[in-house]
Amino acid sequence: MTDSISSPATAVGQRPGKRERLVAAAAQLLHEQGIERTTLADIAGAADVPAGNVYYYFKTKDEVIAAVIEARTQQVKTTLAAIDAHHRAPKSRLKALVREFTAQGEMVAQHGCPLGSLCSELGKRVNPPGFAAAELMRLPIDWAEEQFRSLGRRDAHDLATDLMAAYEGSALLANTMGDPSILSGAARRLNRWIDTL
């Protein structure tokens, strides 16, 4: 789930459209630089789109942020659907989610969790617009809750929240310490924990 948002090409070898490139560039820059340090000019440059063309697609940086949240939300849904399609047992699905969380430890150690970092930054803004950022955290928690419920756990919501908190806490530590092994160690502990359920 930490994969960068890629711009979909409409045909083999065809370059994605400007809007798709802008959203992909914005997702990357917001993750690497943060919301406040990223400008529309930075996004245009990274997307190889003339700066003036940005305003054809997005009037404000908040509109770009909303598009990034929407793209990240779709990315999470796609990842969870792929896990559902490839794993039948709830424990296997939960372990696949843990693998997704920790798949890009180097990137997380360098820039933090793309979902958690974005949500944290948005939570600090004064008078934030009505972004659907909470959905980024709610989706994997709700999905994990279903898996724990399938295991017969009455405390499924608490377990799902604990799972997400363990990952986000490990991602924060890995980023703070610049050490991706913190995530891989957390993944091993989470997998052992899942086995005990």
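Note: the structure precedes this text.
Computed from a predicted structure; not experimentally measured.

Focus on the overall build of the protein
Thought 1: Looking only at helices and strands, the protein features 10 helices and 0 strands.
Thought 2: The order of α-helices and β-strands along the protein, N terminus first, is α-α-α-α-α-α-α-α-α-α.
Thought 3: For a compact globule of 197 residues, the expected C-alpha radius of gyration is about 16 Å, and the protein comes in at 18 Å, within 12% of that figure.
Thought 4: Along the first, second and third principal axes, the C-alpha set of the protein runs to 55 × 35 × 30 Å.
Thought 5: The proportion of buried residues among the 197 residues of the protein is 44%.
Thought 6: In the protein, 67% of the contacts between residues at least 6 apart in sequence involve partners at least 24 apart.
Thought 7: If you sum the accessible surface of the protein, you get close to 10,300 Å²; carbon and sulfur atoms cover 51% of it.

Focus on the pattern of salt bridges
Thought 1: Scanning the model with the defined rule gives 6 salt bridges in all.
Thought 2: In this structure, the salt-bridge partner of aspartate 84 is arginine 93, at a minimum N-O distance of 3.6 Å.

Comments concerning helix α7 (residues 114-123)
Thought 1: The set of residues buried in α7 consists of Pro114, Leu115, Gly116, Leu118, Cys119 and Leu122.
Thought 2: Those residues of α7 hidden inside the fold are in contact with α1 (18-33), α4 (61-86), α6 (105-111), α8 (134-150) and α9 (156-177).

A short note on the state of the cysteines
Thought 1: The full count for this structure, using the stated rule, is 0 disulfides.
Thought 2: Cysteine cysteine 113 remains unbridged, with the sulfur of cysteine 119 as its closest cysteine sulfur at 8.1 Å.
Thought 3: For cysteine 113, a relative accessible area of 2% gives the class buried.

Side note on the layout of surface pockets
Thought 1: Put simply, the second largest pocket is a space of about 150 Å³.
Thought 2: Around the second largest pocket, the lining residues are His111, Gly112, Cys113, Gly116, Ser117, Ser120, Glu168, Ala171, Leu172 and Asn175.
Thought 3: Those elements giving two or more residues to the lining of the second largest pocket turn out to be α7 and α9.
Thought 4: No other element matches the 4 residues that α9 contributes to the lining of the second largest pocket.
Thought 5: For the lining of the second largest pocket, the residue count by class is 3 nonpolar, 6 polar and 1 charged.

Considerations on the packing of aromatic side chains
Thought 1: Scanning the entire structure with this criterion turns up 3 aromatic pairs.
Thought 2: On the numbers, 4.9 Å between centres and 85° between planes, the contact of tyrosine 56 with tyrosine 57 is edge-to-face.
Thought 3: Taking relative accessible area as the criterion, tyrosine 57 reaches 29% and is therefore assigned partly exposed.
Thought 4: Note on phenylalanine 148 and tryptophan 193: the rings are 5.7 Å apart at their centroids and 55° apart in plane angle, and the pair reads as tilted. Note that phenylalanine 148 is positioned in helix α8 and tryptophan 193 in helix α10 (residues 181-195), a separation of 45 residues in sequence.
Thought 5: Since its relative accessible area comes to 0%, phenylalanine 148 is described here as buried.

Topic: the nonpolar core
Thought 1: With 58 residues, the main nonpolar core has Ile43, Val68, Ile69, Leu97, Leu122, Phe148 and Leu163 as its most contacted residues.
Thought 2: Secondary-structure elements contributing two or more residues to this core are α1, α2 (40-47), α4, α5 (90-102), α7, α8, α9 and α10.
Thought 3: With 9 residues, the single largest contributor to this core is α4.
Thought 4: When neighbours within four sequence positions are excluded, leucine 97 is seen to be in contact with Met1, Leu80, Ile83, Trp143 and Leu163.

Focus on empty space enclosed by the protein
Thought 1: Counting across every chain of the model gives 1 cavity of 30 Å³ or more.
Thought 2: In this structure, the largest cavity occupies an estimated 50 Å³ of space.
Thought 3: Along the walls of the largest cavity sit Ala27, Leu30, His31, Val68, Arg72, Pro114, Ser117, Leu118 and Glu121, which together make up its complete lining.
Thought 4: Of all the secondary structure elements, the ones that give two or more residues to the lining of the largest cavity are α1, α4 and α7.

Calculation criteria
Residues numbered from 1 in each chain as written. Predicted model: local features only at pLDDT ≥ 70, side-chain atom pairs only at ≥ 80, totals over all residues. Heavy atoms only, no water. Helix = DSSP H or I, 4+ residues; strand = E, 2+ residues; numbered from the N terminus. Rg over C-alpha atoms; globule rule 2.2 N^0.38 Å. Buried < 20%, exposed > 50% of the residue type's maximum accessible area, 1.4 Å probe, protein only. Contact = heavy atoms within 4.5 Å. Areas by Shrake-Rupley, 256 points an atom, 1.4 Å probe, with all protein chains shown as cover. Salt bridge = Lys/Arg side-chain N within 4 Å of Asp/Glu carboxyl O. Disulfide = S-S within 2.5 Å. 1 Å grid on protein atoms, 1.4 Å probe; cavity = no way out; pocket = protein on both sides within 12 Å on 5 of 7 lines; lining within 4 Å. Points joined across faces, edges and corners; volume = space filled by probe spheres on them. Nonpolar A, V, L, I, M, F, W, Y, C, P; charged D, E, K, R; others polar. Phe/Tyr/Trp six-rings, centres within 6.5 Å; stacked < 30°, edge-to-face > 60°. Core = buried A, V, L, I, M, F, W, Y, C linked by side-chain atoms within 4.5 Å.

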